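Secondary and tertiary structure notes
Below are the chains, spelled out letter by letter.
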Amino acid sequence: MELHPVPQQQPVRIVVDSSNSSTKDGVRWYHIIVILVCIFLLWSLWGWFSRKIHRAKRSTVCEKYPESIAVLLHCHRDAHECATTIMSFLRHATCPPRVQIHVYQELDRGDADVFNQCMSLATSEERAWVHNIRIVTTDDASNTSLGSIFAWKELLRSTPKTTWIMLTKPGATAAEGWDIQLSEAWKNIHMEDEFRRTPV
């Protein structure tokens, strides 16, 4: 009986090529970064282009409606609410440069000021509007207030000649494009007893 040697089991060797794996992962992340950068650039370009179109349309509309509007506001110790109303009229106007804000504010010692409240609410671009607001201030509001009619009368004395004058009060909120709607609402009136709603 012949004995044959049993073949020895050969070890199995597994080699992992880490260099190829990392290269593939690196390419994958590189593609993602490039895609994100492209999306960001396209989004920024679209934002710039849309703002440019919006400004062009606004300029065209403002040329069609060049009439100025004076907004008269009586503020009695309620600077924050007055400032909110003022910014609402300016922000929702189609043509903010043609809107003139005139404020008669009555304050007691220590009360907040309308101008400072508007500046705290305004963005950097809107602060130019705030600087154009005309404000008349009286002290000792608790003892010397004469009411809204007197305040509006005093403002009318110093208001430059405008096509429209709007009397309003703190708490009013303007609708989008209220200045153009105001012009349109009264543009074609032919009868004295015909009234149109003002979008404010």
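In the block above lies the structure referred to throughout.
This section reports on the structure supplied with the text. (Residues numbered from 1 in each chain as written. Predicted model: local features only at pLDDT ≥ 70, side-chain atom pairs only at ≥ 80, totals over all residues. Heavy atoms only, no water.)

Structural notes on the pairing of strand E1 (residues 69-76)
Heads up, the condition is: With a 1.4 Å probe rolled over the protein chains alone, any residue whose accessible area is under 20% of its type maximum counts as buried; one over 50% counts as exposed, and the rest are partly exposed. Helix numbering and strand numbering both begin at the N terminus, where a helix is a DSSP run of H or I of at least 4 residues and a strand a DSSP run of E of at least 2. When DSSP finds at least two bridges between two strands, those strands are taken to pair. We call a crossover right-handed when, viewed with the strands running away from us, the connection from the first strand over the helix to the second turns clockwise.
Among the eight residues of E1, seven are classified as buried, and the element is accordingly described as predominantly covered. In this structure, E1 lies alongside strand E2 (residues 99-106), joined through eight bridges in parallel fashion. Each bridged residue has a counterpart across the sheet, and for histidine 76 the counterpart in E2 is glutamate 106. With helix H2 (residues 79-91) bridging E1 and the parallel E2, this β-α-β connection has right-handed handedness. Note: E1 against strand E4 (residues 164-168), five bridges, orientation parallel. For leucine 72, the partnering residue across the bridge sits in E4 and is leucine 167.

A short note on the pattern of salt bridges
Keep this limit in mind: A pairing counts as a salt bridge when a side-chain nitrogen of Lys or Arg comes within 4 Å of a carboxyl oxygen of Asp or Glu.
One pass over the full model with this rule turns up six salt bridges. Among the ionic pairs, arginine 77 bridges to aspartate 108, the shortest N-O distance being 3.1 Å. With arginine 77 in the loop between E1 and H2 and aspartate 108 in the loop between E2 and helix H3 (114-121), this pair connects stretches of sequence that are 31 residues apart. With its nearest N and O atoms 3.0 Å apart, the salt bridge here joins arginine 91 to glutamate 126. In this pair, arginine 91 sits in helix H2 while glutamate 126 sits in the loop between H3 and helix H4 (127-131), placing the two residues 35 residues apart along the sequence. Here arginine 91 falls in the partly exposed class, since its relative accessible area comes to 36%. A residue is classified by how much of its surface remains accessible, and glutamate 126, at 11% relative accessible area, is buried. In the salt-bridge network here, residues are joined through shared partners; they are Glu67, Arg98 and Asp179.

Considering the state of the cysteines
Put simply, the rule reads: Cysteine sulfur pairs qualify as disulfides if the two atoms are within 2.5 Å.
Tallied over the entire structure, the rule returns two disulfides. Between the sulfur atoms of cysteine 75 and its disulfide mate cysteine 82 the distance is 2.1 Å. A torsion of -130° about the S-S bond marks the disulfide between cysteine 75 and cysteine 82 as left-handed. The same class applies to cysteine 75 and to cysteine 82, which are both buried. Regarding the disulfides, the protein chain carries the connectivity 1-4, 2-3 under sequence-order numbering of its bonded cysteines. You can see cysteine 118 has no disulfide; the closest cysteine sulfur is in cysteine 75, sitting 8.4 Å from it.

Remarks on the packing of aromatic side chains
Applicable threshold: Think of it this way: a Phe, Tyr or Trp ring, Trp meaning its six-membered ring, pairs with another when their centres are within 6.5 Å, and the plane angle makes it stacked under 30 degrees, edge-to-face over 60, tilted otherwise.
All chains considered together, the criterion is met by two aromatic pairs. On the numbers, 6.3 Å between centres and 90° between planes, the contact of tyrosine 104 with phenylalanine 150 is edge-to-face. Within this pair, whereas tyrosine 104 is found in strand E2, its partner phenylalanine 150 is found in helix H6 (residues 147-158), the two being separated by 46 residues in sequence. Phenylalanine 150 gets classed as partly exposed once you look at its relative accessible area, which sits at 30%.

Concerning the layout of surface pockets
Worth spelling out the cut-off: Within this scheme a cavity is a closed region of a 1 Å grid, computed over the protein atoms alone, that accommodates a 1.4 Å probe without allowing it to escape, whereas a pocket is open but has protein on both sides within 12 Å along at least five of seven lines; lining residues each have an atom within 4 Å of a point. Grid points are joined across faces, edges and corners, and a volume is the space filled by probe spheres set on the points. Under the convention adopted here, Pro, Cys and the residues Ala, Val, Leu, Ile, Met, Phe, Trp and Tyr are nonpolar, Asp, Glu, Lys and Arg are charged, and Gly plus all remaining residues are polar.
The volume enclosed by the second largest pocket comes to roughly 170 Å³. Leu90, Pro96, Pro97, Val99, Gln100, Ile101, His102, Trp129, Asn132, Ile133 and Arg134 together form the lining of the second largest pocket. Residue composition of the lining of the second largest pocket, grouped by class: seven nonpolar, three polar and one charged.

Notes on the packing of H2 against H3
Applied cut-off: Lines fitted to the C-alpha atoms define the axes, with helices restricted to the stretch that makes contact. Angles between their N-to-C directions range from 0 to 180 degrees. Each angle receives one of four descriptions, namely roughly parallel if under 35 degrees, roughly antiparallel if over 145, roughly perpendicular if within 65 to 115, and oblique otherwise. When the near helix sits turned anticlockwise from the far one by under a right angle, the crossing is termed left-handed; a clockwise turn instead gives a right-handed crossing. Contact definition: two residues touch when any of their heavy atoms are within 4.5 Å.
At a closest axis distance of 8 Å, the pairing of H2 and H3 adopts a crossing angle of 55°. The pairing of H2 with H3 is recorded here as oblique in orientation. The crossing of H2 and H3 is right-handed. Here Ala79, His80, Cys82, Ala83, Thr84, Ile86, Met87 and Arg91 of H2 lie close against H3, whose contacting residues are Val114, Gln117, Cys118 and Leu121. Looking at the contact of H2 with H3 residue by residue, the classes come out as eight nonpolar, three polar and one charged.

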